[in-house]
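Listed below, chain by chain, are the residues.
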Amino acid sequence: MGDTEPRVASFAELDAGTLYALLKLRVDVFVVEQNCPYPELDGRDTEPGTRHVWLPGDSGAPEAYLRVLDDPDGARIGRVVTAPHARGAGLAGRLMEAALEAVGDRTVRLDAQTQVAGFYAKYGFVVDGPEYVEDGIPHVPMLRR
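The paragraphs below set out a description of the structure included in this document.

So, how was this worked out
- Residues numbered from 1 in each chain as written.
- Predicted model: local features only at pLDDT ≥ 70, side-chain atom pairs only at ≥ 80, totals over all residues.
- Heavy atoms only, no water.
- Salt bridge = Lys/Arg side-chain N within 4 Å of Asp/Glu carboxyl O.
- Helix = DSSP H or I, 4+ residues; strand = E, 2+ residues; numbered from the N terminus.
- Buried < 20%, exposed > 50% of the residue type's maximum accessible area, 1.4 Å probe, protein only.
- Phe/Tyr/Trp six-rings, centres within 6.5 Å; stacked < 30°, edge-to-face > 60°.
- Contact = heavy atoms within 4.5 Å.
- Polar contact = N/O pair within 3.5 Å; in protein donor to acceptor, adjacent residues only side chain to side chain.
- Pairing = 2+ DSSP bridges.

## A look at the pattern of salt bridges
What the rule picks out here adds up to 15 salt bridges. The closest approach of N and O atoms between glutamate 40 and arginine 79, which form a salt bridge, is 3.1 Å. In this pair, glutamate 40 sits in the loop between α1 (16-33) and β2 (51-56) while arginine 79 sits in strand β4 (residues 74-82), placing the two residues 39 residues apart along the sequence. Side by side, glutamate 40 and arginine 79 carry an identical accessibility label, which is buried. Here arginine 44 and aspartate 71 are joined by a salt bridge, their closest N and O atoms 2.9 Å apart. Residue arginine 44 is located in the loop between α1 and β2, and its partner aspartate 71 is located in strand β3 (residues 62-71); the two are separated by 27 residues in the primary sequence. Using a relative accessible area of 21% as the deciding quantity, one classes arginine 44 as partly exposed. Judged by relative accessible area, aspartate 71 falls into the buried class, the value being 18%.

Here you go:
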């Protein structure tokens, strides 16, 4: 796996090949692996305040990704994903650190799959509402002030 620093870019800064690879990773995991047919392309990727954060592997293809959205009350982290072959190598943690650095002191929200809420708790997130089911997967809203 690559040993590069996380890359951060706005939609306008992404070249077509990188954008395709990031979206393919998201679809491969969220839609295909997790069997959740949903509108993956939700219109938020292109917003001026959105930042795409990813780690490329040795081949240059992204091995882990997340996005940071500007929301009226702070920021929102979402679409946190790691390629199956790269799981367990700490890539999501490296991305979270980069995302939180980019967010600064703003309030941050995310919707965590319940099974990984403990991962986000390590970064100061606390459960901020009742568990709910989305696309057949239990989630909890989480907040970091």
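## Details of the environment of glycine 118
Summarising the element assignment, glycine 118 is placed in helix α3 (residues 117-121). Put simply, glycine 118 and glycine 136 are 18 residues apart on the chain and 20 Å apart in space, counted from C-alpha to C-alpha.

## A short note on the packing of aromatic side chains
Describing an aromatic ring pair means giving the distance of the ring centres and the angle of the ring planes. All chains considered together, the criterion is met by three aromatic pairs. Seen in terms of ring centroids, phenylalanine 119 and tyrosine 120 are 5.0 Å apart; in terms of plane orientation they differ by 75 degrees. Their pairing is edge-to-face. Taking relative accessible area as the criterion, phenylalanine 119 reaches 21% and is therefore assigned partly exposed. For tyrosine 120, a relative accessible area of 8% translates into the label buried. A connected cluster of aromatic rings, assembled from ring pairs, spans Phe119, Tyr120, Tyr123 and Phe125.

## Regarding the environment of arginine 67
In this fold, arginine 67 is placed in strand β3. Given a relative accessible area of 3%, arginine 67 falls into the buried group. It is 14 Å that separates the C-alpha atoms of arginine 67 and glutamate 13, two residues lying 54 residues apart in sequence. What arginine 67 contacts, discounting residues up to four positions off in sequence, is Arg26, Asp42, Arg44, Asp45, Thr50, Arg51, His52, Arg76, Ile77, Gly78 and Arg79. One polar contact links arginine 67 to aspartate 45, side chain to side chain, over a distance of 2.8 Å.

## Here we look at the pairing of strand β8 (residues 137-144)
In terms of burial, β8 is largely enclosed, as six of its eight residues are buried. Two strands pair when backbone bridges link them, and strand β5 (residues 108-113) and β8 are joined in this way by six bridges, in the antiparallel orientation. Its bridge partner lying in β8, alanine 112 is registered against valine 140. Bridge analysis of strand β6 (residues 126-127) against β8 gives two bridges, and the strand direction is antiparallel. The residue of β8 that forms the bridge with valine 127 is methionine 142. Examined bridge by bridge, strand β7 (residues 132-134) and β8 share three bridges and lie antiparallel to one another. Each bridged residue has a counterpart across the sheet, and for glutamate 134 the counterpart in β8 is isoleucine 137. Connecting β7 to the next strand, β8, in antiparallel fashion are two residues, including aspartate 135 with a positive phi near 55 degrees.

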